[in-house]
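Notes for the structure review
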Amino acid sequence: MPLFHTFFKTLVGKEMTIELKNNLLIHGTLISVDQFLNIKLDKISVPDPDKYPQFLSIKNCFVRGSVIRYIHLPPSEVDPTSLQEATRKEAMQSKMQQ
């Protein structure tokens, strides 16, 4: 889990869309993320405001990590090479600790 936490901390201030397990999409700017991948978003919006009018008056929100299905990121914000390298390093450290 530390790898994902570290990765998402680098995305603070970036825009993203979070898809919840109940199929709700929330778009906003990442304010913070913790070790449980709980996320705080600012300047939120939903793609279908007619279906979710209660979100029109909300400007920021907290999303519990356990209810998140997917996090959609712009491709320009993801560096697959550095993620692969970090994953390899973490796997090697895990093997050495055993």
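Scoring rules and cut-offs
- Residues numbered from 1 in each chain as written.
- Predicted model: local features only at pLDDT ≥ 70, side-chain atom pairs only at ≥ 80, totals over all residues.
- Heavy atoms only, no water.
- UniProt positions renumbered as here; feature names shortened; annotations may be inferred.
- Helix = DSSP H or I, 4+ residues; strand = E, 2+ residues; numbered from the N terminus.
- Buried < 20%, exposed > 50% of the residue type's maximum accessible area, 1.4 Å probe, protein only.
- Contact = heavy atoms within 4.5 Å.
- Areas by Shrake-Rupley, 256 points an atom, 1.4 Å probe, with all protein chains shown as cover.
- Lys, Arg positive; Asp, Glu negative; His and termini not counted.
- Charge placed at Lys NZ, Arg CZ, Asp CG, Glu CD.

As named in an unreviewed UniProt entry, the chain is U6 snRNA-associated Sm-like protein LSm2, taken from Oopsacas minuta. Within the UniProt record for the chain, the comment given under Subcellular location (unreviewed entry) is "Nucleus". As stated in UniProt under Sequence similarities (unreviewed entry), the record for the chain gives "Belongs to the snRNP Sm proteins family."

**Details of the overall build of the chain**
Each helix and strand in the chain was counted, giving two helices and five strands. Looking at the chain residue by residue over its 98 residues, the buried ones come to 29%. Taking all contacts inside the chain whose residues are at least 6 apart in sequence as the whole, residues at least 24 apart take part in 46%. Looking at the chain as shown, the accessible area adds up to about 6,900 Å², and 57% of this sits on carbon and sulfur atoms. One finds the centroid of the 12 positive side-chain charges in the chain at a distance of 5 Å from the centroid of its 10 negative side-chain charges.

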